[in-house]
Amino acid sequence: MPAMAQKRVFAIIVLLIGAAIGYFVYHSEVTASWPFKLGLDLSGGTQLVYRADLNAIQSSDVAESMSALRDTIERRVNMFGVSEPLVQTEQTSALSGTSEQRLIVELPGVTDTQKAIALIGETPVLEFRLLKSANPPAAFSTTTVNQDFEPAAITGKDLASSELQFQGSVAISEPVVVLHFTSQGAKIFADLTKNNVGRYFGIFLDGQPISIPVIRESIPDGTAVISGGFTATGAKELARNLNYGALPVPIELISTQTVSGTLGDKAVRDGIMAGLWGIGAVALFMLLWYRLPGLLATIALTLYIVVMLALFKFIPVTLTAAGIAAFILSVGMAVDANVLIFERIKEELRGGKSTAESISDGFARAWPSIRDSNISSMITAVILFWLGTSLIKGFALVFGLGVLVSMLTAITVSRTFLFALGVDAKYGFTRLLFGSGISRT
Amino acid sequence: MFIIKHRNAFFALTGALVLAALISVAVFGLHLGIEFTGGTLVEVSYDLPAPGTGGQAGGTRPDPVALTNTLNDAGFKDFSLRETGDNGYTLRAQSIGDAQRGELAAVFSYQGGTAHVDQLTEIGPTIGAELRNKAILALGLVLLCILLFIAFAFRKVSQPISSWVYGLIALVTLVHDIIIPMGFFALLGYLTGAQVDTLFVTAVLTVLGFSIHDTIVVFDRTRENLRINHEKNRKEDFAETAGHSLNQTFVRSINTSLTVLFTLLVLYFIGPASTKVFALTLLVGITAGTYSSIFLATPLLVWVEKRRNKAKK
């Protein structure tokens, strides 16, 4: 029977592919060539979330300023030797009720929150603003900065480098910091100074006005001088910090999350143990209850697990404790389609059909239920992924993937194997193999 | 069919359970965690004495009263302190400043016991409000999408009950599936100090997806049997068809829930500490969901049909 031979060859190919994926997962783990990506709650580390204060920025500059902000922080974090840091910007959705630009910094391995905050916090914030009124205010208060000044076209992101210089005669020389703008920044600065001759130009450092000179003429060479009564050391330090990069806008810390490495390691160990026991319990149940089809379901489940693990490595999915929980939960749910199919096949068998017919009818009849019920889980997964925090996103991604992959493995793999076995249920023994714990068939 | 026949008894049981859950929520209340309110959560642990050294020489946690005084002195506001595990504390407090953050480990440490900060979470008030909005939105969206989906899935069945009734009943079972874990969680909060966080919301939403899954399978079978009856021109009482369908899907419902419950039990007992409460909530929710799919959904369907018949006569 060539058709049967074909089905068996196909089944063997499926098994081999599964074994190959399994070997890949094992090999890549041993050689660490494609490691699992662990979230901060498993690897240990610190996450800091900042809100960017964009009051002093023209709205057209927001996107560019945020990317400059990210680059600067990233440079700074890298400089301090944090391995695999993650720095990203995020705009809160209108749905959440607030509209903010945020900066998220993840520092794996840094478990001292205070140090992490200090590391980011030393980055200077450099801002330029134009005074609205023609005369400088007599007294200056930081609370009225936004009323007194308006944003200038040039921002901290246009800074290329800075250096310490001394101005004035030798006897009364004063240390100043000279800012050199990028070529693009120089153009903006030239235009700005040309169009605003006579106005006061405020240079702000970390929100404080450092110097507010009057623009006397257009400055085409792309340099500006900060002379704010520095000491030589202060000016030197500022120039160095500015060279590492200045933030174009101030940022405010709004959330921190730190998990120690020991806690993370324990969570990983517990997660792996729970996974193994969970898989074992489900496999045992399926074998005892569904016998031969249960064995096939267990093979399908094994394939499901290796495919998921390979996907975790490939995509890569950042695994969190919630993600591991979703995976273990999905193992319990993955056999659902198999249970539906097997129960259907048993019914068809009871109805007096041949095994082959029962199998194909059982699949056909079970399909609408499998499809509909998986859609409802996908709805939940998609909404959770869309609205969730990073923790919940980790859960939703694994859960959604699990639903899709389990549907695939249950339908294709179980079907292939059931047909490939080519059993005929007219013998009592086969009936026994296809029977289940308490059924009368 | 046993369940259909004794449906009034099951309605009473369901009603009692829902009432108990509602009372639990009313009495104990659902306390929002810092993820939703903003604030600080600190978990510390103390070095355990090496095995064999014995005694109180070092490494036990300090007395809570003494620690509370220390925390007061250090300027922590509106905090609650709870013992966790054998040698740790969980502190929930308002937002803390730089100074307090810097000396966290030092404040918890005392002579003879060095504290380690295992976990520190600070949530600003805007993020809290945002997460709260998102959680409510997610809950609403999931319910809406599921309702639309059921109406769509059952658009072709209109005899003897129109498809929107299936949807409505499914929604009623979903409300049941939300209330039961809420009541359980209120009790858990009273007993262990568990607070409603994004993981709780996730658990509830997952339960909704899973439970509706179960309900759909049962309703789907009813839909199929109605069609077969129609094709074969067989006259059968709706209650009988429904009971029959329930019978056919009963084993499947129980079995798929069982495999999920196995994995959840494992997750609760030996899984990571951070997902224990989550696993427990899911355990209760999925049990409630399976119960409602079997003992509530179809009996309600039969009840509606009977009432309509009466109204017609």
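Note that the structure is a prediction, hence the values are computed from the model and not measured.

Reading the values: the criteria
- Residues numbered from 1 in each chain as written.
- Chains lettered and ligands numbered in written order.
- Predicted model: local features only at pLDDT ≥ 70, side-chain atom pairs only at ≥ 80, totals over all residues.
- Helix = DSSP H or I, 4+ residues; strand = E, 2+ residues; numbered from the N terminus.
- Rg over C-alpha atoms; globule rule 2.2 N^0.38 Å.
- Buried ≥ 20, exposed ≤ 12 C-beta atoms within 10 Å, placed from the backbone.
- Contact = placed C-beta atoms within 7 Å.
- Nonpolar A, V, L, I, M, F, W, Y, C, P; charged D, E, K, R; others polar.
- Pairing = 2+ DSSP bridges.
- Axes fitted to C-alpha atoms, helices over the stretch in contact; angles between N-to-C directions.
- pLDDT = per-residue confidence, 0-100.
- Domains from an automatic or database assignment.
- UniProt positions renumbered as here; feature names shortened; annotations may be inferred.
- Expected span 1.5 Å × (residues − 1).
- Bend = angle between axes of the 7 residues up to and from the residue.
- Core = buried A, V, L, I, M, F, W, Y, C linked by C-beta atoms within 7 Å.
- Parallel < 35°, antiparallel > 145°, perpendicular 65-115°, else oblique.
- Left-handed = near helix turned anticlockwise from the far one by under 90°.

Looking only at helices and strands, one finds 13 helices and 13 strands in chain A. Its C-alpha radius of gyration of 32 Å places chain A more than 25% over the 22 Å reference for a compact globule of 441 residues. Seen along its three principal axes, the alpha-carbon backbone of chain A occupies a region of about 110 × 40 × 35 Å. Looking at chain A as a whole, 46% of its 441 residues are labelled buried. If you take every contact in chain A between residues at least 6 apart in sequence, the share linking residues at least 24 apart comes to 73%.

Regarding its fold elements, chain B presents 11 helices and four strands. For 313 residues, the compact-globule estimate of 2.2 N^0.38 gives 20 Å, and chain B exceeds it by more than 25% at 25 Å. Referenced to the eigenvectors of the C-alpha coordinate spread, the extents of chain B come out at roughly 85 × 45 × 30 Å. A buried classification covers 46% of the 313 residues belonging to chain B. For chain B, restricting intrachain contacts to residue pairs at least 6 apart in sequence, the fraction spanning at least 24 positions comes to 76%.

Here we come to the interface of chain A and chain B. By a widely used convention, the size of an interface equals the accessible area lost when the partners come together. Residue-level contacts link 57 residues of chain A with 59 residues of chain B. If you list the elements that add at least two residues to the side of chain A that touches chain B, you get α4 (113-121), β12 (251-259), α8 (261-314), α9 (321-334), α10 (336-350), α11 (355-387) and α12 (390-421) of chain A. Taken together, the residues of the side of chain A that touches chain B break down into 32 nonpolar, 20 polar and five charged. Taken together, the five bridges between β12 of chain A and strand β4 (residues 115-123) of chain B define a ladder with antiparallel strand orientation. Its bridge partner being in β4 of chain B, Ser255 of chain A is matched across the sheet by Ile123 of chain B.

Another aspect to go through is the pairing of strand β9 (residues 201-205) of chain A. Residues and elements named next belong to chain A. With respect to burial, β9 is a largely interior element, five of its five residues being buried. The alternating pattern of β9 places Phe201, Ile203 and Leu205 and Gly202 and Phe204 on opposite faces, both of which are buried. Bridging between strand β5 (residues 126-131) and β9 involves five bridges; their strand directions are antiparallel. Among the inter-strand pairings, Leu126 is bridged to a residue of β9, identified as Leu205.

A word on the sheet that holds strand β2 (residues 45-52) of chain A. A sheet is described by the order of its strands in space; here eight strands give the open sequence β3(A)-β4(A)-β2(A)-β12(A)-β4(B)-β1(B)-β3(B)-β2(B), paired in antiparallel fashion. The two strands at the open ends of the sheet, each matched to only one other strand, are β3 (86-91) of chain A together with β2 (80-84) of chain B. For this sheet, the mean inter-axis angle between neighbouring strands, taken without regard to orientation, is 20°.

Moving on, we come to the confidence of the model for chain A. All names here are of chain A. Taken as a whole, chain A shows an average pLDDT of 83; of its residues, 90% reach a score of 70 or greater. Here helix α13 (residues 428-434) stands out as the least confident element of chain A, with mean pLDDT 58; β2 is the most confident, with 92. Confidence drops under pLDDT 50 across residues 437-441; counting only partners more than four residues distant or on other chains, this segment forms eight contacts.

Residues and elements named next belong to chain B. The domain architecture assigned to chain B consists of domain 1 (2-34 + 126-312) and domain 2 (39-123). The C-alpha centroid of domain 2 is placed 41 Å from the C-alpha centroid of domain 1. On the domain 2 side, the residues contacting the four residues of domain 1 number seven residues. The residue inventory of the side of domain 1 that touches domain 2, partitioned by class, reads two nonpolar, two polar and no charged.

On to the environment of Phe181 of chain A, then. Residues and elements named next belong to chain A. Tracing the sequence through the fold places Phe181 in strand β8 (residues 174-181). Under the C-beta neighbour-count criterion, Phe181 is labelled buried, with 22 such atoms within 10 Å. With 129 residues separating them along the chain, Phe181 and Ala310 place their C-alpha atoms 48 Å apart. Ignoring sequence-local partners within four residues, the contact set of Phe181 consists of Asp158, Leu159, Ala160, Ala186, Phe189 and Gly222.

All names here are of chain B. Under the feature "transmembrane region" (unreviewed entry), the UniProt entry names residues 9-34, 135-154, 166-192, 198-219, 254-271 and 277-304. Taken end to end, residues 9-34 comprises 81% helix and 0% strand; its first and last C-alpha atoms sit 41 Å apart. Across residues 277-304 one finds 100% helix and 0% strand; the C-alpha atoms that close the span lie 37 Å apart.

Take α10 of chain A next. Residue and element names in this part refer to chain A. In a regular helix each residue adds 1.5 Å, so 15 residues correspond to 21 Å; α10 covers 21 Å between its end C-alpha atoms and thus fits that length. Of all 15 residues in α10, 13 are buried; the element is thus mostly enclosed. One or two residues past the end of α10 sits Gly352, with phi positive at roughly 95°.

Residue position: Thr113 of chain A is located in helix α4. Not counting residues within four places of it along the chain, the set of residues in contact with Thr113 of chain A comprises Thr46, Thr256 and Thr258 of chain A together with Arg101 and Leu120 of chain B.

Right, let's get into α11 of chain A. The end-to-end C-alpha separation of α11 of chain A is 47 Å, in line with the 48 Å expected for 33 residues at 1.5 Å each. At Ala366 of chain A, α11 of chain A shows its maximal kink, close to 35°; a proline, Pro368 of chain A, follows between one and four residues later.

Our focus in this paragraph is the sheet that holds β8 of chain A. All names here are of chain A. Taken in spatial order, the three strands line up as β7-β8-β11 in an open sheet, and their pairing is antiparallel. Every other strand in the sheet has two partners, leaving β7 (159-167) and β11 (223-226) as the edge strands with one partner each. The mean inter-strand angle of the sheet, taken between neighbouring strand axes irrespective of direction, is 25°. Sheet analysis places β8 next to β11, joined by four bridges and oriented antiparallel. For Val178, the partnering residue across the bridge sits in β11 and is Val225. Packing of helix α6 (residues 183-195) onto the sheet brings it into contact with β7, β8 and β11, and relative to β8 it is tilted by some 105°. With respect to the sheet, helix α7 (residues 232-244) is in contact with β7 and β8, its orientation differing from that of β7 by roughly 165°.

Judged by nonpolar contacts, the single largest core of 188 residues is most densely connected at Leu301, Ala325, Leu384 and Phe395 of chain A. In terms of residues, this core owes the most to one element, α8 of chain A, which gives 21 residues. If we skip the residues at most four places from it in the chain, Ala325 of chain A touches Phe395 of chain A together with Leu267, Gly271, Thr275, Phe278 and Ala279 of chain B. With 15 residues, the next largest nonpolar core counts Val44, Tyr46, Leu71 and Leu120 of chain B among its residues.

All names here are of chain B. Within the secondary structure, Gln94 is located in the loop between β3 (88-93) and α5 (98-102). A sequence separation of 15 residues divides Gln94 from Phe79, and the C-alpha atoms of the two residues are 6.7 Å apart. Filtering out sequence-adjacent residues up to four positions away, Gln94 remains in contact with Gly39, Thr40, Lys77 and Asp78.

All names here are of chain B. Scored by pLDDT, chain B comes out at a mean of 86, with 94% of its residues at no less than 70. Every residue in residues 54-58 is under pLDDT 50, and counting partners more than four places away or in other chains gives five contacts. Of the two predicted TM-score estimates for the complex, the pTM is 0.84 and the ipTM is 0.88.

All right, on to unusual backbone geometry then. A cis amide bond, omega -20°, links Ile315 of chain A with the succeeding residue Pro316 of chain A. Note that Pro316 of chain A resides in the loop between α8 and β13 (318-319).

So, about the packing of helix α2 (residues 7-28) of chain B against helix α11 (residues 276-312) of chain B. All names here are of chain B. It is the contact of α2 with α11, at a shortest axis distance of 10 Å, that shows an interaxial angle of 125°. Accordingly, the angle class assigned to the pair α2 and α11 is oblique. For α2 against α11, the interelement crossing comes out left-handed. Along the contact surface, α2 presents Arg7, Phe10, Phe11 and Thr14, while α11 presents Phe295, Leu296, Pro299, Val302 and Trp303. Residue composition of the contact of α2 with α11, by class: seven nonpolar, one polar and one charged.

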